[in-house]
Amino acid sequence: MNERLDTYENLTNMEVVRRYRLDKDGIDRLNDEYGDRLAPRTLGQRNVSALEKIIVTLRYFASGDFQINDGDIHKLSQPSVSRAVTQFTEMLANQETMTRNITFPTSMHDITRVKTDFQGIANFANVVGVVDGTQVQIQAPHVNEDAYVNRMGYHSINTQVIFNGQDRLIDIVARWPGSTHDSRILRESSVYQLFERGHVASEHKYLLGDSGYPCKQWLLTPYLNPANAGQVNYNRVIMACGVLHNICKEMNIPMIGDDIPANMQQEVPYQGIQNGLRYRDFVALTYFN
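Residues numbered from 1 in each chain as written. Predicted model: local features only at pLDDT ≥ 70, side-chain atom pairs only at ≥ 80, totals over all residues. Heavy atoms only, no water.

Trainee: Help me out: how do you make sense of the packing of helix α4 (residues 50-63) against helix α5 (residues 67-74) in this one?
Mentor: The description of two packed helices rests on the angle between their axes and on the distance between the axes. Viewed as axis vectors pointing N to C, α4 and α5 meet at an angle of 135°, and their least axial separation amounts to 10 Å. On the basis of their axis angle, the class for α4 and α5 is oblique. In this structure, the crossing between α4 and α5 has a hand that is right-handed. In contact with Ile55, Val56, Arg59 and Tyr60 of α4, α5 contributes Gln67, Asp70, Ile73 and His74. Along the lines of polarity and charge, the residues of the contact of α4 with α5 split into 4 nonpolar, 2 polar and 2 charged. (Axes fitted to C-alpha atoms, helices over the stretch in contact; angles between N-to-C directions. Helix = DSSP H or I, 4+ residues; strand = E, 2+ residues; numbered from the N terminus. Parallel < 35°, antiparallel > 145°, perpendicular 65-115°, else oblique. Left-handed = near helix turned anticlockwise from the far one by under 90°. Contact = heavy atoms within 4.5 Å. Nonpolar A, V, L, I, M, F, W, Y, C, P; charged D, E, K, R; others polar.)

Trainee: Quick question: what am I supposed to make of the side chain of Asn235 here?
Mentor: Its place among the elements puts Asn235 in helix α11 (residues 229-249). The buried category is assigned to Asn235, whose relative accessible area is 10%. In this structure the side chain of Asn235 is engaged in a polar contact, spanning 2.8 Å, whose partner is the backbone oxygen of Tyr223. Not counting the four nearest positions on each side in its chain, Asn235 is found in contact with Pro222, Tyr223 and Pro226. (Buried < 20%, exposed > 50% of the residue type's maximum accessible area, 1.4 Å probe, protein only. Polar contact = N/O pair within 3.5 Å; in protein donor to acceptor, adjacent residues only side chain to side chain.)

Any link to function would need more than the numbers given here.
This is the structure:
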């Protein structure tokens, strides 16, 4: 028996969720899927087991704490924690794993399924995803430090996420400094090219976004000054899908939300050309009057 795992084994399921963001079943699934590749090549009490590497990495992700503190909790040295986090993170973030777990729907079958899910949530027809940017706080980088300071005044990566009607991520872009506007991140993304070049099946399909994005034929944004009941109802559905975004960020685990108040995360309204205004008017008039 690995004595370093005694504390984890003795935790209740809710205590595991509080510390690692996943429950024991979720951690067991990770161990089943990645355990063989994470296992040490030689046997010995000082070797770090696959399960230890998983929970150490999850704890590091969940707390953002110094690795030396993570090591103290799990009775490991800081270098051991660093190696474990690096190994498991690279495994989770490689192209094969990302493609298997986070995929944007493009076929008619998948698009129809996503549309049905959203229609059941808010009676909003033809929605295939909701897009938003979320600021992931980081330590100040040594290069281009100013670019990483966001509107709230802290250093971050502005991460674009798109999720479906089942609260699952279907696309993620995590490479832009915190000061980058959401609209630019979308414009430079592969999903933007999929829509612009007609590679997403179905004649009518929309992403929903906030006022930080341009209104386009395939991207619907709220009315800043709704003029009738249809536009008001349309906006309410957009806001309801914003609530789903927060649920998605929790990854379906009942945990405490972010420390940043939601009203501080609102995007600066987009000021450029918008070629989708008449499509938005059509949707509001057709479905929400």
